[in-house]
Amino acid sequence: MPPGTENNSKRWIIPDIHGCFKTLRGLFDHYITPSKEDELYFLGDYIDRGPDSKGVIDYIMDLQEEGFNVYLIKGNHEESAVNACRQEHERKRLMGFHGPNTAKMAWRRFGGKETMQSFGIKDLRDMPRKYIDWMDNMPTHMVLDKYVLVHAGLNFEEDDPFADNHSKMWLRDFAPRLEKIGGRILIHGHVPISLEEIFMMRDNPENFGHIDLDNGVYMAGREGYGNLVALELNSMELYSQYNLDM
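Residues numbered from 1 in each chain as written. Predicted model: local features only at pLDDT ≥ 70, side-chain atom pairs only at ≥ 80, totals over all residues. Heavy atoms only, no water.

Novice: Honestly, the layout of surface pockets in this entry has me stumped. Any pointers?
Specialist: Over the atoms rolls a probe the size of a water molecule, and its path tells where empty space is left. Put simply, the largest pocket is a space of about 150 Å³. For the largest pocket, the lining is made up of 14 residues, of which His 188, Ile 193, Met 201, His 210 and Asp 212 are closest to its centre. Counting only elements with at least two residues in the lining of the largest pocket, the list comes to α7 (195–203) and β7 (210–212). Among the elements that make up the lining of the largest pocket, the one with the highest residue count is α7 (three residues). Partitioning the lining of the largest pocket into residue classes produces eight nonpolar, two polar and four charged. (1 Å grid on protein atoms, 1.4 Å probe; cavity = no way out; pocket = protein on both sides within 12 Å on 5 of 7 lines; lining within 4 Å. Points joined across faces, edges and corners; volume = space filled by probe spheres on them. Helix = DSSP H or I, 4+ residues; strand = E, 2+ residues; numbered from the N terminus. Nonpolar A, V, L, I, M, F, W, Y, C, P; charged D, E, K, R; others polar.)

Right under this line is the structure:
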């Protein structure tokens with residue numbers, strides 16, 4: 001049976017982790033505990049803001065190496081990190097040119113500094129290649145039987161919403177037109193909303209046209225926020241692990 005087809009196994013959707021490794025591990029230890037038949041879908045933004053982005057990536061890499069069915073989507077933070085690394089290496093190749101790495105400057109402002117610290121590096125050229133490739137080689141969306149998974153959203157103003165890769169990673173506001181995606185419900189993260197709003201979307205997906213699962217895990221201490229959420233797609237059960245990192 002192909003990925004994304006409803007069956008007796010479980011299908012877990014996990015949005016923005018943002019470097020919160022202890023919280024991710026708590027979610028798995030207490031709520032998910034997947035079997036090798038289950039499917040694990042991650043919606044991007046594995047890195048930045050939280051204290052242990054390397055730990056998050058290593059944990060997911062271990063799941064892949066152990067033979068779990070892991071499906072990854074690229075978020076805007078992964079794109080920013082890859083662009084920063086690429087520009088840093090390009091600067092080195094341009095003989096005698098030492099202009100600023102504008103991609104690195106932008107990335108560090110919204111969490112890249114913490115990611116570099118988790119890798120124990122000060123020079124971005126020291127980022128291990130396998131992590132750059134891991135972030136760079138992810139798709140920007142995934143089509144399941146009744147759902148479309150993406151990090152941020154889709155540009156429904158386009159004839160083909162899937163053609164706009166930038167919107168899939170960066171878009172913050174959109175009006176769903178589900179006839180353009182085969183009547184499927186869009187599931188995404190990127191924009192933090194309260195747990196109450198997440199449950200409302202979960203309970204009325206046809207009315208909203210999409211389900212935003214991002215509860216702002218890094219926003220610990222703000223009422224209604226600060227959880228890492230997991231949605232089990234077959235039962236539509238929703239689980240939340242409060243931040244254990246920050």
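Once you've had a look at it, read on.
Novice: Please explain the nonpolar core as it appears in this structure.
Specialist: In summary, soluble globular proteins display a tendency toward joint burial of nonpolar side chains. Membership of the largest hydrophobic core comes to 41 residues, with the highest contact counts inside it found for Phe 42, Tyr 46 and Ile 60. Among the elements that make up this core, the one with the highest residue count is helix α2 (residues 53–65) (six residues). Setting aside residues up to four positions removed in sequence, Tyr 46 forms contacts with Ile 17, His 18, Gly 19, Ser 53, Val 56, Ile 60, Leu 72, Ile 73, Glu 78, Trp 134 and Met 138. (Core = buried A, V, L, I, M, F, W, Y, C linked by side-chain atoms within 4.5 Å. Buried < 20%, exposed > 50% of the residue type's maximum accessible area, 1.4 Å probe, protein only. Contact = heavy atoms within 4.5 Å.)

Novice: Sorry if this is basic, but what is going on with α7 here?
Specialist: The α-helix advances 3.6 residues per turn, and as a result positions three or four apart in sequence lie on the same side. Of all the residues in α7, the buried ones are Leu 195, Ile 198, Met 201 and Arg 202. An end-on view of α7 places all buried positions within 120 degrees of arc, on one side of the element. Tucked into the core, α7 has its buried residues touching α8 (205–208), β7, β8 (227–232) and β9 (237–242). (Arc of directions from axis to C-beta.)

Novice: What exactly am I supposed to notice about the packing of α2 against helix α5 (residues 129–136) here?
Specialist: Each pair of packed helices can be described by the angle between their axes along with the distance between the axes. Viewed as axis vectors pointing N to C, α2 and α5 meet at an angle of 75 degrees, and their least axial separation amounts to 12 Å. As far as their axial angle goes, α5 and α2 are roughly perpendicular. Contacts between α2 and α5 involve Lys 54, Ile 57, Asp 58, Ile 60, Met 61 and Gln 64 on the former and, on the latter, Lys 130, Tyr 131 and Trp 134. Within the contact of α2 with α5, the residues separate by chemical class into five nonpolar, one polar and three charged. (Axes fitted to C-alpha atoms, helices over the stretch in contact; angles between N-to-C directions. Parallel < 35°, antiparallel > 145°, perpendicular 65-115°, else oblique.)

Novice: How should the sheet that holds strand β2 (residues 39–42) be read in this particular structure?
Specialist: Within a sheet, adjacent strands bond to each other through the backbone by hydrogen bonds, running parallel or antiparallel. Here five strands make up an open sheet; going across it, the order is β3-β2-β1-β8-β9 and the pairing mixed. Across the chains shown, the open sheet's two edge strands, defined by having one partner strand only, are β3 (69–72) and β9. Direction aside, neighbouring strands of the sheet carry axes that sit 20 degrees apart on average. Summarising the sheet, β2 and β3 pair through four bridges and their orientation is parallel. Across the sheet, residue Glu 39 finds its bridge partner in β3, namely Asn 69. Lying on the sheet, helix α1 (residues 21–32) is in contact with β1 (11–14), β2, β8 and β9; it crosses β9 at an angle near 135 degrees. Seen against the sheet, α2 touches β2 and β3 and runs at an angle of roughly 135 degrees to β3. (Pairing = 2+ DSSP bridges.)

Novice: When you look at the sheet that holds β7 in this model, what are you seeing that I'm missing?
Specialist: Taken in spatial order, the four strands make up an open sheet running β4-β5-β6-β7, and their pairing is mixed. The open sheet is flanked by β4 (141–143) and β7, the only strands paired with a single partner. When the angles between neighbouring strand axes are averaged without regard to direction, this sheet yields 15 degrees. Note: strand β6 (residues 185–188) against β7, three bridges, orientation parallel. By the bridge assignment, His 188 is partnered in β7 with Asp 212.

Novice: Before we go on, may I ask you to explain the pairing of β9 in this structure?
Specialist: Regular strands place side chains that alternate from one sheet face to the opposite one. Relative to β9, β8 runs antiparallel, the two sharing six bridges. When the sheet's bridge partners are listed, Ala 230 is paired in β9 with Tyr 239. Where β8 folds back onto β9 in an antiparallel hairpin, the turn is made up of four residues, including Met 236, whose phi is positive at roughly 60 degrees.

Novice: Could you clarify how one ought to interpret the packing of aromatic side chains in this entry?
Specialist: Any two aromatic rings considered together are summarised by their centre-to-centre distance and by the angle between their planes. Considering all chains together, one arrives at 10 aromatic pairs under this definition. Ring centres 6.1 Å apart and planes at 40 degrees place the aromatic pair Phe 156 and Phe 174 in the tilted group. With Phe 156 in the loop between β5 (147–150) and α6 (165–170) and Phe 174 in the loop between α6 and β6, this residue pair connects regions lying 18 residues apart in the sequence. Each member of the pair, Phe 156 as well as Phe 174, carries the same accessibility label: buried. By the ring-pair criterion, three or more aromatic residues cluster together here, those being Trp 12, Tyr 31 and Tyr 239. Sitting above the plane of the Phe 68 ring, Lys 36 keeps its charged end 5.2 Å from the centroid. Sitting over the face of the ring of Tyr 225, Arg 222 holds its NZ or CZ atom 4.3 Å from the ring centroid. (Phe/Tyr/Trp six-rings, centres within 6.5 Å; stacked < 30°, edge-to-face > 60°. Lys NZ or Arg CZ within 6 Å of the ring centre and 35° of its normal.)

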